[in-house]
Amino acid sequence: MKLRNLALATCLAAIGLTAFAQPKEQFFPALPYRTGPFAPNGVPWANGYLDYLKLVNARGGINGVKIIFEECETAYDTARGVECYERLKGKNGGATLFQPLSTGITFALTEKAPADKIPLITAGYGRSESQDGGVFKWNFPLAGTYWMAADVLVQYLGKKEGGLDKLKGKKITLVYHDSPYGKEPIPLLQERSKMHGFDLQLLPVASPGIEQKATWLQIRQHRPDYVLLWGWGVMNSTAIKEAQATGYPREKMYGVWWSGAEPDVKDVGEGAKGYNAITMQHGAEPQSAVVKEILAKVHGKGQGTGPKEEVGQVLYMRGAMSAMLGVEGVRAAQERFGKGKWMSGEQVRWGLENLNLTQAKLDALGFKGVMRPISTSCMDHLGSNWARIHTWDGKQWNFTSDWLQADEQVLKPLVKQTADKYAAEKKLQRRTPADCQS
Amino acid sequence: MGFFLETVLGGLMAGMLYSLVALGFVLIFKASGVFNFAQGAMVLFAALAMARFTEWFAHWTGIENLFLVGLAAVIASGALMFVMAWLIERLVLRQLVNQEGATLLMATLGIAYFIDGLGQTIFGSDIYKIDIGMPKEPVMAFENVFPGGILVSKEDLIAAAIAAALVLLLTLFFQKTSTGRALRAVADDHQAAQSIGIPLNRIWVIVWCVAGVVALVAGVIWGSKLGVQFSLATVAMRALPVVILGGLTSVPGAIIGGLIIGVGEKVSEVYLGPYVGGGIEIWFAYVLALLFLLVRPQGLFGEKIIDRV
Amino acid sequence: MLYRENGQFKTTYRADQQIFPIAQDRLFILAAVLFAFVVVPAIASDYTFRALLIPFAIMSLAALGVNILVGYCGQISLGSGAFMAVGAYGAYNFFARVPDMPLIPALILGGLCSTLFGILFGLPSLRVKGLYLAVATLAAQFFADWMFLRIKWFTLNTPSGSVSVSGMQVFGYPIESPTSKYLLCLSVLVVMGIAAKNLVRSAIGREWMAIRDMDVAAAVIGIRPMYAKLSAFAVSSFIIGVAGALWGFVYLGAWEPAAFSADMSFRLLFMVIIGGLGSIMGSFFGAAFIVLLPIALNQFLPVLLGAFGIEISTAGISHAELIIFGGLIVWFLIVEPHGLAKLWSTGKQKLRLWPFPH
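About the criteria used
- Residues numbered from 1 in each chain as written.
- Chains lettered and ligands numbered in written order.
- Predicted model: local features only at pLDDT ≥ 70, side-chain atom pairs only at ≥ 80, totals over all residues.
- Helix = DSSP H or I, 4+ residues; strand = E, 2+ residues; numbered from the N terminus.
- Buried ≥ 20, exposed ≤ 12 C-beta atoms within 10 Å, placed from the backbone.
- Contact = placed C-beta atoms within 7 Å.
- Nonpolar A, V, L, I, M, F, W, Y, C, P; charged D, E, K, R; others polar.
- Domains from an automatic or database assignment.
- Axes fitted to C-alpha atoms, helices over the stretch in contact; angles between N-to-C directions.
- Parallel < 35°, antiparallel > 145°, perpendicular 65-115°, else oblique.
- Left-handed = near helix turned anticlockwise from the far one by under 90°.
- Pairing = 2+ DSSP bridges.
- pLDDT = per-residue confidence, 0-100.

1. A short note on the overall build of chain C
Link 1 in the chain: Along the backbone of chain C there are 14 helices and 4 strands.
Link 2 in the chain: Oriented by its inertia axes, the alpha-carbon framework of chain C measures out at about 65 × 65 × 45 Å.
Link 3 in the chain: Here chain C holds 358 residues, and 50% of them are scored as buried.
Link 4 in the chain: Considering only contacts within chain C whose residues lie at least 6 apart along the sequence, 76% involve residues at least 24 apart.

Written out as structure tokens, the structure reads:
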């Protein structure tokens, strides 16, 4: 009898404890794609993401709070991405944030995340208009959006010509992946085309983009001065190969930051020499401090997620950077809500909205020379609009431009207009200043 | 005018490449009445095997000579395709003899998923390179006649030549050898062939092996052009209109169909595309094949469908 | 002993023509429907609704539509994804453009758009047969893919081409929670399921089956092939269109044309063939198999392998899923080419005799 009571009491106590116990670790779910047509580009990103999270744990966590993570394979498919989201959002005390790495999945999750109160970081992809935090409270396209990329590219091309006014009469062709991702830059390019008078030719390539002969024959006939490439996965290397096969000079090709990484050019080798791409602040950074640290503390202990040779490559760095932004968001949240405590999705959202990554902080994290300061606010979820151009020389990527900044005068009206349209469609109100304080 | 010729030439080359894949479909359907949806997966698997074996052989044995390593890889991949063909026939087709078309179609789709998963597990899902020494730079022909010349891709020309040679070999095989005759007999009437002593199972294994070799050639050529990765399997979807336009049971039909579809695709994309925003290649090929079918429901060179009531 | 129709005499024609003439069948179906409507919402978790039950309900509906075309009328179609897309975008346009459009009429109008599209792309079936028709219907698939990417009017001129739906409600009840979404899909499924069951045992259904079995003989005895085939396409695309609209509105919430790609068409065809061609029950079985299997594999494979001490990456699990999926389909087709419905009916047959051997 006594034993029974004791057992019962212990059980009840245990249940009571677990009911009140706060989760001790931040749960970072990952939605990568390691299979499917976009796997070659998705794998390095995922490895960089996970390696950085492991590094944070090795450094002692976020003010002592460790990170646990779990991967769920999406294969770039929206339905699978949604299923992964539903499965992981409530696990381990609740997901801290999501980074879907796919514009399609981002669109789907933009509808669901606000209801579940989980922030979405879409660093370098997603909806360009989501930089407007007044409408998109839970989306954070940190450090880069497609309109920003297109804007910087046009400015750079103008610079090459000797001034934006010299673009008049020039021909620019956009070869894009026929999907919401590929169509993103079009509104901004059309806006700039009106402003400066250059001829914009739009050539869509049906997914997955392995058949581009007709596209490049058209380019050969049209003879554009520049070709912008907005592809993903195997479409990128195919484009460069077809450019070589039709004799279009690779020096005149400029890819977006998702079309300018090692998997896209390694295969083509010498044939890709001279191909340029815009970078989302970072390029291939094998010499950076964070890479050295990861090699020492993560790969050195045999815990590396992928092969050692991959560490420091372009997409690897992007994954690491995306992870870093998430972690710093949690850290910023801890500054307000309690250092060393577990942060909920809502609190992390505040943290991401009040990110203030100064150069000193970035250098301390190991990103010296890789990134510029990022500072977000209630209305601005982008944080930074600087980019650079890098070029493939046959063996590696080298930076071939200074830091360039997107022109807010052009971007802001477009962003506001599209965000307002979204708000009207969804019957949302713009956030009030009072709301910004929470 | 020059540009039109360029487009047509490009289309013809692309068409030859499609017909390489279509040949695999036709061979298997001709001999066993099975529409092999797994052909795309077989092309991918063969290409992956070729790419990775080249890498691994060079790595293990340290031989630098590209030709030797490539040859070894081809032989190894061919052997692998033979094994796969034998396994498919043994484990799947033999059990599904005499089932209706839809069931067999689904079985081959199941095999396609299986091969997709297996290939990526064994060989990986990165982009791999196949280097068989194909020239990558284009050549300009007729520069004096047309301004700028007509672009001719040397790689495509060589690929087309290989495809033509393969068709010639296959035709000779079917017409001149006894196995070829047996294959044609089986294609004509399974039961009659069986009754005169032709071993059906062995014939089917042979057909799938030949289709495997065709898949290997197609995989190597496409892989050399595009790089070997999962999306290579989608090339089979591009080859389907070729198959139905030419007729499911005709080898010359696969070639002629390929040429028509190739030219149709490219010309429509370049000349019609700009008016409707572009990207019409894929469905135009299917609609073109469909239009031909409306006139000849069995395809250009296919056997007339006879219904016995 | 349990499942005999001994003693169940019908005294009116009406009773004789019931869908489920055997009382045990009626009871079973009634119990199943009650369970689905009343018990499941009480015990199922959020995740079960969102990831298992809602996709199952919608896919069963779509498989039902495909089964009518492929199983009952014998026209192999690989364009089902396109019909779903047309239904989804059609319903979306009506919902978003017409102010205060209620949800159910929007779904029905989406289905009607799909009907028109289906009839148009069903016209080749009058001339082309068998595998040639299967590939010809892929033309519909790729055309729809292109159409929704290129023609901006369909996506309300958004720059990205992605559309989203929110604020659904039926007669004032908001459809926001997983339970309400599940009940909506289930109701549509039950209504359409009963309609379909009635349709296939009516004159038009018999015409379809005659065309499937021997179309020349059917034409000889006076069945008009054009009417029969096109009506099969029409009814089938209506059902698939409504299913597509539900898939976009209820399950995905926001979608792009790639959500209804050729992959979806193949999945639907798998469901129908695994479930059983020419059987309403088969559509449900097939949908359950194809919807639940990948998730089950995803959850249990690491556990199973972990028991053997083998660690596997997510990519490895994905590949293993493909291998097992393909292998299971082939194995299934070898073991029971007529699908799960045949197993079900064999089981029922055995049950009629139980406990006697014959």
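2. Observations concerning the interface of chain B and chain C
Link 1 in the chain: Each partner contributes residues to the interface: chain B has 41 residues there, and chain C has 40 residues.
Link 2 in the chain: Sorting the residues of the side of chain B that touches chain C by element identifies helix H4 (101-123), helix H9 (235-246) and helix H11 (281-295) of chain B as the ones contributing at least two each.
Link 3 in the chain: In terms of residues, the side of chain B that touches chain C owes the most to one element, H4(B), which gives 16 residues.
Link 4 in the chain: Looking at the side of chain B that touches chain C, its residues break down into 28 nonpolar, 11 polar and 2 charged.

3. Focus: the domain arrangement of chain C
Interfaces are often sized by the accessible area lost when the parts come together.
All names here are of chain C.
Link 1 in the chain: Per the domain assignment, the segments making up chain C are domain 1 (65-261) and domain 2 (279-342).
Link 2 in the chain: Each of domain 1 and domain 2 has a C-alpha centre, and these two points are 27 Å apart.
Link 3 in the chain: On the domain 2 side, the residues contacting the 6 residues of domain 1 number 4 residues.
Link 4 in the chain: Those elements that provide at least two residues to the side of domain 1 that touches domain 2 are helix H3 (46-72) and helix H7 (178-200).
Link 5 in the chain: For the side of domain 1 that touches domain 2, the element with the highest residue contribution is H7, accounting for 4 residues.

4. Describing the interface of chain A and chain C
Link 1 in the chain: Across the contact, 30 residues belong to chain A and 23 residues belong to chain C.
Link 2 in the chain: If you list the elements that add at least two residues to the side of chain A that touches chain C, you get helix H3 (78-88), helix H4 (103-116), helix H6 (180-183), helix H7 (186-196) and helix H15 (408-426) of chain A.
Link 3 in the chain: Here the side of chain A that touches chain C is built from residues that sort into 9 nonpolar, 7 polar and 14 charged.

5. What about the packing of helix H5 (residues 103-122) of chain C against helix H10 (residues 225-252) of chain C?
Residues and elements named next belong to chain C.
Link 1 in the chain: Two elements in contact, H5 and H10, have axes whose closest approach is 7 Å; the angle formed by their N-to-C orientations is 140°. Relative to H10, the element H5 is oriented oblique. Handedness of the crossing formed by H5 with H10: right-handed.

6. Section: the pairing of strand S9 (residues 276-279) of chain A
Successive side chains on a regular strand alternate, one facing one side of the sheet and the next facing the other.
Residues and elements named next belong to chain A.
Link 1 in the chain: What you see with S9 is no split at all: Asn-276 and Ile-278 on one side and Ala-277 and Thr-279 on the other are buried throughout.
Link 2 in the chain: Bridge count between strand S8 (residues 253-255) and S9: 2 bridges; the pairing is parallel. When the bridges of S9 are listed, Tyr-254 appears paired with Asn-276.
Link 3 in the chain: Of the pairings in the sheet, the one linking S9 to strand S12 (residues 386-392) comprises 4 bridges and is antiparallel in character. Paired with Asn-276 across the strands is Thr-391, a residue of S12.

7. Quick word on the confidence of the model for chain C
Link 1 in the chain: Confidence in the prediction for chain C averages 89 pLDDT; 100% of positions are at 70 or higher.
Link 2 in the chain: Considering each helix and strand of chain C separately, the mean pLDDT is smallest for strand S2 (residues 169-170) of chain C, with a value of 84, and largest for H10(C), with 95.

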